[in-house]
Each structure stands twice: as structure tokens, then as C-alpha cells.
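Residue-level structural notes
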Amino acid sequence: MSIAEATQTVAHDPEGRNISISCDGQLVNEERATKSAEFVWTTIEEAFEYSNQHGDSIPPERSLFDFIQEKLEKTNFSDEDKRLCLDSCKLWGAYVGDPIERQSLKFFRLEECIDGNNYFVASTYQRILQHVAKTALAQADIRFKQPVIKIETPPKDEQEPSRHQVTVTTASGEIHTFDQLVITCPLGWLKRNTESFNPQLPARFLQAINNISFGRLEKIFVKFPNAFWHSESESTQTTQANNAQSTNPVFAQFLEPTYTSHPKDIQWNQECLSLANLPSPCAQPILLFYTYGPCGTNIVNQIADLDENSSEYKQILTDILKPFYSKLPGYDPSSPSCKPSSVLATRWQLDPYAGNGSYCNFQVGLVAGDKDIEVLRSGDGIGAERGIWFAGEHTAPFVALGTTTGAYWSGERAAAQVCERVGLRSVGVGSSRDDSLPSAGRK
Ligand SMILES: Cc1cc2nc3c(=O)[nH]c(=O)nc-3n(C[C@H](O)[C@H](O)[C@H](O)COP(=O)(O)OP(=O)(O)OC[C@H]3O[C@@H](n4cnc5c(N)ncnc54)[C@H](O)[C@@H]3O)c2cc1C
């Protein structure tokens, strides 16, 4: 937030009307939707508390979904309302990138985030990125488009045992030698490239890479000529005290649909955020869909080799999402406002440099997730031994794992580790970002 403020980045809390579309494609009655959302979020808060207090004794196979189901059984909700809650809680998948049934309850506490508002970076990360990159761009020798394929540490020089040399080989065959090396490749990249290290990474470090999962979250942006889902004009909206008073939907959840066909055995629930509600000049008539898990994989594979400008690409994504956006209020099949003008999807799962996925998550079966993260952060001793350090969201303080804030803090921590190692006065950052930060929020 402080960088956002310093760079006049627009950070917006997308509060406002949330709507829910039922499994048969109808708008869920607002009162029922609110009751179900309240149950889901209250139970998620309880699950954080339960995971914090009973983490040691919770069986690794128990999921967040199990916890919610059990809590639901203790309510006096009607069967219909129970079904609605179970369908609604699936939205957790879009927070972590995999289905809620896979979310470890034992390590659910690692998903807790910094308390406070849940901001959307409305004007994009562009200025934040410029700000954090400023020193490096001014003072470092940066080589773009040079993927590293090998990281080697030759045996120590007997004459000079305190001196480390790390050799890095790029895909084009260039070899660079360094005293200290900070590796910020995503966890997903590490998972697939452990053989790039010579000598091998320590066994416990390899275990940690293997144990922590890498999520599958993707975004699809669908742009329309106008925000047809807005019933109030922009001028009416800006005169409102805030968006919370507006009847324009900000967020829509589409529960597991029976009204459209989809691949067998894949959950096909969707959700989208309206970017038409962002403050001016960031507002655009765009619906931002989040897809995750097997559904996200299926969609990405359908467009794997297609050109973003091709009509086939647009057609496939439109065919997938039309059954959903066509259920929004204001949709009229004959209106040009309701036909997408452009569509764009991320394909992180196909990008080896994004680690073929999104960010780390904690799935059922995990036995010592907190220890695994500590090992990823510490490098299990290879910093001191080989001059190799690790940074990136998967090495962040618990409260910021999987976030841009965490990635930033992890860089500060790695920098402090290097400074300390080479005998420079520690710059005093990183060490303050420990795991004792207050945490009660959510991603
Ligand atoms: C769909 C989606 C939504 C998200 N939403 C949010 C959100 O709302 N809030 C939030 O805080 N975070 C969010 N995140 C997470 C956030 O984007 C990540 O936590 C953050 O970008 C991680 O930063 P990083 O530096 O660890 O890794 P990355 O940003 O992945 O950077 C790794 C870099 O390493 C480079 N690289 C990889 N392999 C090599 C190699 N072999 N040689 C050289 N370079 C290499 C890559 O090109 C890349 O530039 C989201 C992520 C996704 C995918």
C-alpha cells in the first residue's frame, strides 16, 4: 500500500453488490445468497482459528471442505440452503488455484493474509513495478530473455575456502560466475528443474519443493462495448456515496451449472469481477473471470496453440463463458452491447517461466507444510555453503505467501542474508518481516 500511495497507483476495494447464479441458471434470491455467503465466510474464519489452534492434531487428509460440511450439519438450515452453502464455498478455489476439496485444513492457517481491505490494483501494477525495479534498472546489468538452465557450484578452493563461486549457464550457452546468487524462479519451475543444480540440492530442500503444491489460477478478461450488467448510469453511480449503495453487480458467482455442457468429472463453477465498477479512469466494460484447478487446465489446453488474435481463440473462450455472462442482469442476446468485443486469457500453466501455474498452495496430504516453507526460505544451509539463496512468493513470511507483497519481502530477506554472508552491515530489512506479523485477513 505504501508503494501504491507513493506512486499514485489506484488501489480499490471492490465492495458492492454480489450476485449468485444458481445451478439451473437463475438469480439466487438476495436474502438466501447473503445468508449463504455469511455462513461460508464465518466458517472460513472459524477454520483459520481451528487450524491455528489444532494444526498439530488435524489429520493431513482433512480438507477445508470437510470442515465446512461438518459445520453445516450442525445448523438448522434447510436441505436447499445447505446445498447452496456447499456450492457457494467452492469460490475458495479461486483464492488458491485448486478446488476447496484439496485445501489442507491442517495448514489452512498458512493461507491467512494480512488483515485489512482486500484491494484490487485498479490502475495495474505498472507503476509499482517501475518503482521496485528502479535501482536495479539504474545499477544492474540485466539480461532479458536469457533463461538459466544450469546452476553449478564447483568444489571449494582449498586455498581460499571462504570464497564461493556459483556458475550459471543460460539457454544460449553463456556462462556467468558469481560470488552469491539469489534465485527467484517460481516454485513450479524448481519442481521441474531440480536437475539443473549441480551438486544436487539437499534432500530436505528437494522434499520441501515436492511437498508444497503449485496452484492453477488463470484469468480470462471479456470486454464488451458497454457494461450491459449496469442498470445505473455512471453519473448516478458517482453521486452515490460509495459502490456499496449501487445496484450494479460487482461480483458474480456462477454455481456448478446444469444448464451448459462441460467436460465430465470437472467442476465447472465460475466467478467474475466487474471492472466497470473501478474508479475513473480505470473503469472498463470488462468482466474478469477467474478459473482454477482442473477447469482452468481444461480451458488453457483448449487454447494452448492458438493465436490470441485468431477468431478460433475468441470463439472458444466466448463459447465457454457465454453460458455464464448471459445470465447476468441486463443481458439481451439481440443487443450488440452484449457481444464481446475482445477476449484475453492467461496461460500460466503452459508457461515454464511462470512455473506452469500460479503460486504455492497447501493441499491435503501435507504433513509439515510450515517446516517445508522454512526450509525453502533458509535454503537448508546452501546459502552459507554454496552462496545460493532463494526468494519468491514461496519463500515469503507465512502471512504473505502466494502474494506480490510476499515476493517483495522475500527479496528483502534474501538481500539481508547475502549482506550478512559477505560481511556487509545488514540493511535492517527482511528480519523485521517475520512470522509474528498480525494476521487475520484473507487473500
Ligand atoms: C491469476 C493470478 C492472480 C493473482 N492474484 C494476486 C493478487 O490478487 N494479489 C497478490 O498479491 N498476488 C496475486 N498473485 C500472485 C502473485 O502474482 C505472485 O505471488 C508473484 O508474482 C510472485 O512473484 P515471484 O517474483 O515469486 O515470481 P514471478 O512473478 O513468477 O517471477 C519469477 C520470474 O522468474 C523468471 N524466470 C523463471 N524461470 C527462469 C529461468 N530459468 N531463468 C531466468 N528467469 C526465470 C520468470 O520469467 C519471472 O519473471 C496472482 C497470481 C496469479 C497467477
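Sequence positions are assigned chain by chain, starting from 1 and proceeding in written order. Two thresholds apply to this predicted model, a pLDDT of at least 70 for residue-level local features and 80 or more for giving and counting side-chain atom pairs, whereas whole-chain, interface and lining totals are computed over all residues. The side-chain numbers reported here are obtained from all heavy atoms of the structure, hydrogens and water having been left aside.

**Regarding the overall build of the chain**
- When helices and strands are counted, the chain shows 14 helices and 18 strands.
- The dimensions of the chain, computed from C-alpha atoms along their principal axes, are 80 × 50 × 45 Å.
- For the chain, with 443 residues in total, the buried portion stands at 48%.
- The criterion used for residue contact is that any of the two residues' heavy atoms lie within 4.5 Å. Of the contacts made within the chain by residues no fewer than 6 positions apart, 70% connect residues no fewer than 24 positions apart.
- His is not counted here, nor are the chain ends, while Lys and Arg score as positive and Asp and Glu score as negative. Throughout, a charge is located at the NZ atom of Lys, the CZ atom of Arg, the CG atom of Asp or the CD atom of Glu. If the 40 positive side-chain charges of the chain are averaged to one point and the 55 negative ones to another, these points end up 2 Å apart. The way it works is that DSSP assigns letters per residue, a run of H or I at least four long becomes a helix, a run of E at least two long becomes a strand, and they are numbered from the N terminus. The buried label applies to any residue whose accessible area, calculated with a 1.4 Å probe on protein chains only, is under 20% of its type's maximum; exposed applies above 50%, and partly exposed to all values in between.

**A few points about the sheet that holds strand β9 (residues 197-198)**
- Here, strands pair whenever DSSP counts at least two bridges between them. Strand order across the open sheet formed by 4 strands is β7-β6-β5-β9, with mixed pairing between neighbours. The outermost strands of the open sheet, each flanked by one partner alone, are β7 (175-178) and β9.
- By the bridge criterion, 4 bridges tie strand β5 (residues 148-152) to strand β6 (residues 166-170) in an arrangement that is antiparallel. In the strand pairing of β6, E152 is matched with T167.

**Here we look at helix α8 (residues 203-211)**
- Within α8, the full set of buried residues consists of F205, A208 and I209. In an axial view of α8, the angular spread of the buried residues amounts to 100°, which keeps them on one side of the axis. α8 presents A203 and N210 as exposed residues on the side facing more than 90 degrees away from its buried surface.
- Taken together, the buried residues of α8 touch α7 (187-192), α12 (369-378) and β17 (388-390). Of all possible arcs, the one meant is that of the directions from the helix axis to the C-beta atoms.

**Structural notes on unusual backbone geometry**
- Cis geometry marks the peptide bond from N198 to P199; its omega dihedral reads -5°.
- Within the secondary structure, P199 sits in the loop between β9 and α8.
- Non-glycine residue T124 carries a positive phi angle of around 70°.
- With respect to the helices and strands, the residue T124 is situated in the loop between β4 (120-121) and α6 (126-139).

**Some remarks on the nonpolar core**
- Counting residues in each nonpolar core, the largest one holds 32 residues, and the members touching the most others are I220, F289, Y325 and L328.
- Those elements that provide at least two residues to this core are β2 (17-21), β11 (217-223), β12 (249-254), β14 (286-292), α10 (293-302), α11 (311-325) and β15 (342-345).
- With 7 residues, α11 is the largest single contributor of residues to this core.
- When residues no more than four places from it in sequence are discounted, the contact partners of Y325 are V222, F224, F228, F254, L287, F289, T318, Y331, C338 and P340.
- Counting 29 residues, the second largest nonpolar core, distinct from the first, contains L190, F205, A208 and V375. By nonpolar core is meant a set of buried Ala, Val, Leu, Ile, Met, Phe, Trp, Tyr and Cys residues that side-chain atoms within 4.5 Å join together.

**Regarding the domain arrangement of the chain**
- Domain delimitation in this document rests on an assignment produced automatically or drawn from a domain database. You can read the domains of the chain as domain 1 (2-120 + 216-352) and domain 2 (143-212 + 364-441).
- Each of domain 1 and domain 2 has a C-alpha centre, and the two are 33 Å apart.
- On the side of domain 2, 19 residues touch domain 1, which itself brings 20 residues to the contact.
- Buried surface area refers to the total accessible area, computed with a probe of radius 1.4 Å, that the two partners give up upon joining, counted for both partners together. With both chains or domains summed, domain 1 and domain 2 bury close to 1600 Å², and 57% of this area falls on carbon and sulfur atoms.
- Salt bridges are defined by distance alone: a side-chain nitrogen of Lys or Arg within 4 Å of a carboxyl oxygen of Asp or Glu. Across the domain 1-domain 2 interface, the total number found is 1 salt bridge.
- Taking the shortest distance from any N to any O, the salt bridge between D370 and R109 comes out at 2.9 Å.
- Each polar contact in these results corresponds to two N or O atoms within 3.5 Å; when the atoms are within protein, one needs to be able to donate a hydrogen and the other to accept it, and residues that are neighboring in sequence are counted only if both atoms are side-chain atoms. Summed over the shared surface of domain 1 and domain 2, the result is 3 residue pairs in polar contact (both at pLDDT 80 or more).
- Looking at the side of domain 1 that touches domain 2, the elements that each hand over two or more residues are α2 (30-54) and β3 (113-114).

**A closer look at the packing of aromatic side chains**
- Working definition: a ring pair exists when centres of Phe, Tyr or Trp rings (six-membered ring for Trp) sit within 6.5 Å. Plane angles under 30 degrees give stacked, over 60 give edge-to-face, the rest tilted. In the structure shown here, the tally under the stated rule is 18 aromatic pairs.
- Aromatic side chains F205 and F390 sit 4.6 Å apart centroid to centroid with 35° between the ring planes, which places their arrangement in the tilted category. Residue F205 is found in helix α8, and its partner F390 is found in strand β17; the two are separated by 185 residues along the sequence.
- Given the relative accessible area of 0%, F205 is considered buried.
- Using a relative accessible area of 1% as the deciding quantity, one classes F390 as buried.
- Centre to centre, the rings of F224 and Y325 are 5.0 Å apart; their planes meet at 80°, and the pair counts as edge-to-face. Of this pair, F224 sits in the loop between β11 and α9 (234-239) while Y325 sits in helix α11; the two residues are 101 residues apart in sequence, bridging distant segments of the chain.
- What makes F224 buried here is its relative accessible area of 1%.
- Chaining the aromatic ring pairs together yields one cluster made of W41, F48, W92, Y95 and F108.
- Consider the ring centre and the ring normal. A charge sits over the ring if Lys NZ or Arg CZ is within 6 Å of that centre and within 35 degrees of that normal. The ring of Y259 has K327 lying over it, and the distance from NZ or CZ to the ring centre is 4.8 Å.

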